[in-house]
Amino acid sequence: MHLGNLTSQFFANVYLNELDQFVKYKLKAKHYVRYVDDWVILHRSKEKLEEYKESIGRFLKEELDLQLHPDKSRIFPLYSGTGFLGLKIFSYHKTIQKKNLMRFAGKFKSFCFQFDEKLIDYDKIYDFLEGWLAYVKQADTYKIRKKVIGFVENKFNLEISTKEINRYLKKNVNQKL
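Residues numbered from 1 in each chain as written. Predicted model: local features only at pLDDT ≥ 70, side-chain atom pairs only at ≥ 80, totals over all residues. Heavy atoms only, no water.

1. Observations regarding the overall build of the chain
Working step 1: The secondary structure content of the chain amounts to seven helices and five strands.
Working step 2: Taken from N to C terminus, the helices and strands of the chain fall in the order α-α-β-β-α-β-β-β-α-α-α-α.
Working step 3: Its C-alpha radius of gyration of 21 Å places the chain more than 25% over the 16 Å reference for a compact globule of 177 residues.
Working step 4: Principal-axis analysis of the C-alpha atoms gives the chain an extent of 60 × 35 × 35 Å.
Working step 5: Going through the 177 residues of the chain one by one, you find that 29% of them count as buried.
Working step 6: For the chain, long-range pairs separated by at least 24 residues make up 48% of all intrachain contacts whose partners lie at least 6 apart in sequence.
Working step 7: Mean positive and mean negative side-chain charge positions of the chain (33 and 22 charges, respectively) differ by 6 Å. (Helix = DSSP H or I, 4+ residues; strand = E, 2+ residues; numbered from the N terminus. Rg over C-alpha atoms; globule rule 2.2 N^0.38 Å. Buried < 20%, exposed > 50% of the residue type's maximum accessible area, 1.4 Å probe, protein only. Contact = heavy atoms within 4.5 Å. Lys, Arg positive; Asp, Glu negative; His and termini not counted. Charge placed at Lys NZ, Arg CZ, Asp CG, Glu CD.)

2. Regarding the packing of aromatic side chains
Working step 1: In this structure the tally under the stated criterion is 11 aromatic pairs.
Working step 2: A centroid spacing of 3.7 Å and a plane angle of 15 degrees characterise the contact between Phe104 and Trp132, whose relative ring orientation is stacked. Of the two residues, Phe104 sits in helix H4 (residues 98-116) while Trp132 sits in helix H5 (residues 122-136), which places them 28 residues apart along the sequence.
Working step 3: Judged by relative accessible area, Phe104 falls into the buried class, the value being 8%.
Working step 4: The buried category is assigned to Trp132, whose relative accessible area is 10%.
Working step 5: Here the aromatic rings of Phe111 and Phe128 are separated by 5.0 Å at their centres, their planes lie at 90 degrees, and the arrangement is edge-to-face. Here Phe128 lies in helix H5 and Phe111 lies in helix H4, a separation of 17 residues in the sequence. (Phe/Tyr/Trp six-rings, centres within 6.5 Å; stacked < 30°, edge-to-face > 60°.)

3. A short note on the sheet that holds strand E3 (residues 82-84)
Working step 1: With antiparallel pairing, three strands are arranged side by side in an open sheet as E3-E4-E5. Looking at which strands have only one partner, the edges of the open sheet turn out to be E3 and strand E5 (94-96). Going from strand to strand, the sheet's axes swing by 35 degrees on average, the running direction of each strand aside.
Working step 2: Of the pairings in the sheet, the one linking strand E4 (residues 87-89) to E5 comprises three bridges and is antiparallel in character. Residue Lys88 lies in a different strand from E5, and its bridge partner there is Thr95. (Pairing = 2+ DSSP bridges. Axes fitted to C-alpha atoms, helices over the stretch in contact; angles between N-to-C directions.)

4. Regarding the pattern of salt bridges
Working step 1: Enumeration according to the criterion identifies seven salt bridges in this entry.
Working step 2: The partner of Glu54 in a salt bridge is Arg58, and the shortest N-O contact between them spans 3.5 Å. Of this pair, Glu54 and Arg58 both sit in helix H3 (residues 46-64), four residues apart, which is roughly one turn of the helix.
Working step 3: Classification of Glu54 by relative accessible area gives exposed; the value is 55%.
Working step 4: Given a relative accessible area of 41%, Arg58 falls into the partly exposed group.
Working step 5: Notably, a salt bridge pairs Glu130 with Arg167, separated by 2.5 Å at the nearest N-O pair. Here the residue Glu130 occupies a position in helix H5, and Arg167 occupies one in helix H7 (residues 162-176), the gap between them amounting to 37 residues.
Working step 6: Residue Glu130 is classed as partly exposed on the basis of its relative accessible area of 28%.
Working step 7: Put simply, Asp127, Glu130, Lys163 and Arg167 are held in one network by salt bridges that share partners. (Salt bridge = Lys/Arg side-chain N within 4 Å of Asp/Glu carboxyl O.)

5. Remarks on the packing of H4 against H5
Working step 1: Running from N to C, H4 and H5 point in directions that differ by 165 degrees, and their axes come no closer than 10 Å. Comparing the axis directions of H4 and H5 gives the class roughly antiparallel. The way H4 lies across H5 gives a crossing that is left-handed. Residue-level inspection shows Asn100, Leu101, Phe104, Lys107, Phe108, Phe111 and Phe115 of H4 in contact with H5, the latter providing Tyr122, Lys124, Ile125, Phe128, Leu129, Trp132 and Tyr135. (Parallel < 35°, antiparallel > 145°, perpendicular 65-115°, else oblique. Left-handed = near helix turned anticlockwise from the far one by under 90°.)

Have a look at this one:
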């Protein structure tokens with residue numbers, strides 16, 4: 001099963017529910033977040049985090065027949081930020097990791113080229129941008145979103161997506177009822 005497959009994500013969430021219960025109710029970690037197989041625990045005490053790591057490693061091995069990744073399981077001060085789900089998370093703000101911005105720029109440039117060559121329609125670009133903007137909205141990205149939206153409005157000023165048409169029609173039909 002491919003890692004990106006929705007079924008594998010579902011089963012990872014079901015299987016790792018035991019980890020969630022262990023971390024929340026046995027270890028009583030207050031600042032624990034997990035998305036599929038990525039997770040992070042925040043705590044002021046390095047010693048407490050080392051305790052958590054040891055306990056979790058033991059739990060995963062004994063109960064779930066899993067191992068912590070030796071390179072990805074690290075303890076470090078939060079002032080340097082931590083990468084999680086493509087974001088760089090600091091104590092009081094979140095940014096998008098540079099590699100994700102570069103990946104977006106490359107894919108968007110490719111979509112623009114394909115659109116100009118009439119290989120794809122605007123719906124594909126709209127869907128891509130809608131998903132990406134929803135994702136980056138989770139971080140401090142106001143300026144970059146404004147810049148991307150400005151570029152899109154300028155480049156695709158005469159285009160409208162099927163989703164936009166459907167939203168418009170639904171809104172107007174509902175207003176008349």
